[in-house]
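Fold and geometry: a report
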Amino acid sequence: MNQSVLKAEKLGITFGGLKAVENFELEIGESELVGLIGPNGAGKTTIFNMLTGVYQPTEGAVYLGGRLMAGKKPHQMAKAGIARTFQNIRLFKKMTVLENVKVAFNLNMKYNGLQTVLRLPGYWKEEAEIDRKGRELLKVFHMEHLADNIAENLPYGQQRKLEIARALATNPKVLLLDEPAAGMNPTETAELMEVIAIIRKDFHISILLIEHDMSLVMSICERLVVIDYGQIIAKGTPKEIASDPKVIGAYLGK
Ligand SMILES: Nc1ncnc2c1ncn2[C@@H]1O[C@H](COP(=O)(O)OP(=O)(O)OP(=O)(O)O)[C@@H](O)[C@H]1O
Ligand SMILES: [Mg+2]
């Protein structure tokens, strides 16, 4: 593998005496697309929460670009290069599409607090630059014509895409997508697949994908990690996983 972008070592977490995730191991290289699958309640979202600093793991470690991320908060993890979307869409519903993306760019803004408060030239220059970058990003997702629409008025599939665009605006090295195709119709799913291809090809970003849509997972992921009851039960190529009796018994056959 090329240099690892994200690495999890023996990650585990316990909630009130119950081990929700145990011994979770993962390594993702540059531009790689790895799928994380398993039955409902297996611990997939919990793994995302540990990887992004929402939960502090009770065991193990997370590395981003080779750096140990111990005790980091979500905003620190975001700054270090990890971005995510949520199982339930989280947008600034009353803000426009463009504003949603611009808010995310702000995470990496250079101007200082005083420039912002006084609206000094540095602020306006940077503000114009963010506007331009925001529109450019929307263009990549074929959403530039929607820039001034209120986020909550967009069709479901477009809201999902906007969430991904917003995650990308933080300039991540790795993107975690939690069931992005859930609730999408076939046309929206096809569009999502196109978006994922663009992210890898044009942005060189690694992706960890949680998804129950098996035809999507099997067709776009290079590798899969399968978990059940908080434990890894299989790892391999989609082809290997599809014919693994353990996986069929725990998940695919159900
Ligand atoms: N904050 C928490 N406190 C207590 N238990 C939790 C907490 N977060 C998650 N769990 C438990 O951990 C287990 C794994 O949940 P998780 O949401 O990670 O599953 P999942 O694989 O994402 O499932 P789904 O496919 O339904 O989204 C569940 O039993 C859940 O109830
Ligand atoms: Mg989940």
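To be clear, the structure that these remarks concern was listed above.
Residues numbered from 1 in each chain as written. Chains lettered and ligands numbered in written order. Predicted model: local features only at pLDDT ≥ 70, side-chain atom pairs only at ≥ 80, totals over all residues. Heavy atoms only, no water.

Considering the overall build of the protein chain
Helix and strand content of the protein chain: ten helices and ten strands. Computed over the C-alpha atoms, the radius of gyration of the protein chain is 19 Å, within 12% of the 18 Å expected from 2.2 N^0.38 for a compact globule of 254 residues. Along the three orthogonal principal directions, the C-alpha set of the protein chain runs to about 60 × 40 × 35 Å. The buried share of the protein chain, reckoned over its 254 residues, is 49%. (Helix = DSSP H or I, 4+ residues; strand = E, 2+ residues; numbered from the N terminus. Rg over C-alpha atoms; globule rule 2.2 N^0.38 Å. Buried < 20%, exposed > 50% of the residue type's maximum accessible area, 1.4 Å probe, protein only.)

Side note on the sheet that holds strand S10 (residues 231-236)
The sheet built from six strands is open, its strands ordered S6-S7-S8-S3-S9-S10 with mixed pairing. A strand with exactly one partner marks an edge of an open sheet, and here the two such strands are strand S6 (82-84) and S10. Taking the axes of each pair of neighbouring strands and ignoring which way they run, one obtains an average angle of 20 degrees across the sheet. By the bridge criterion, four bridges tie strand S3 (residues 33-37) to strand S8 (residues 206-210) in an arrangement that is parallel. (Pairing = 2+ DSSP bridges. Axes fitted to C-alpha atoms, helices over the stretch in contact; angles between N-to-C directions.)

Topic: the site of ligand 1
In the vicinity of ligand 1 there are 14 residues, among which Gly 41, Lys 44, Thr 45, Thr 46 and Gln 87 approach most closely. Between ligand 1 and the protein, one listed contact pairs an oxygen atom with a backbone N or O atom of Gly 41 at 2.8 Å. Thr 46 is positioned with one of its side-chain polar atoms (N or O) 2.6 Å from an oxygen atom of ligand 1. Protein burial of ligand 1: of its 630 Å² of free accessible surface, 63% is covered by the chains. Counting residues per element, the shell around ligand 1 draws most heavily on helix H1 (residues 44-51), at three residues. (Near = heavy atom within 4 Å. Polar contact = N/O pair within 3.5 Å; in protein donor to acceptor, adjacent residues only side chain to side chain. Areas by Shrake-Rupley, 256 points an atom, 1.4 Å probe, with all protein chains shown as cover.)

Quick notes on the pattern of salt bridges
Overall, the coordinates contain 14 salt bridges when judged by the stated rule. Where Lys 201 meets Asp 202, a salt bridge forms, and the shortest distance between an N and an O atom there is 3.5 Å. Look at Lys 201 and you get exposed, because its relative accessible area is 63%. One network of salt bridges, in which partners are shared, links Lys 102, Glu 127, Asp 131 and Arg 135. (Salt bridge = Lys/Arg side-chain N within 4 Å of Asp/Glu carboxyl O.)

Here we look at the coordination of the magnesium ion (ligand 2)
Taken together, Thr 45 (OG1) and Gln 87 (OE1) make up the protein donors of the magnesium ion (ligand 2), found 2.0 to 2.3 Å from the metal. Here the residue Thr 45 occupies a position in helix H1, and Gln 87 occupies one in the loop between S6 and helix H3 (97-105), the gap between them amounting to 42 residues. Since its relative accessible area comes to 25%, Thr 45 is described here as partly exposed. With relative accessibility at 34%, the residue Gln 87 sits in the partly exposed group. (Donors = N, O, S within 2.8 Å, 3.2 Å for Na, K, Ca; no water.)

Some thoughts on helix H7 (residues 186-203)
The terminal C-alpha atoms of H7, which comprises 18 residues, lie 25 Å apart, in line with the 26 Å expected from a rise of 1.5 Å per residue. Considered for burial, the residues of H7 that qualify are Glu 188, Thr 189, Leu 192, Val 195, Ile 196, Ile 198, Ile 199 and Arg 200. Capping of H7 at its N-terminal end is provided by Asn 185; its side-chain oxygen lies 3.1 Å from the backbone amide nitrogen of Thr 187. One or two steps after H7, the chain reaches His 204, where phi turns positive at roughly 55 degrees. (Expected span 1.5 Å × (residues − 1).)

Description of the packing of aromatic side chains
In total, this model carries one aromatic pair according to the counting rule given. Here the basic side chain of Lys 7 rests over the ring of Tyr 63, its NZ or CZ set 5.6 Å away from the ring centre. The ring centre of Phe 86 lies 3.8 Å from the NZ or CZ of Arg 90, which sits over that ring. (Phe/Tyr/Trp six-rings, centres within 6.5 Å; stacked < 30°, edge-to-face > 60°. Lys NZ or Arg CZ within 6 Å of the ring centre and 35° of its normal.)

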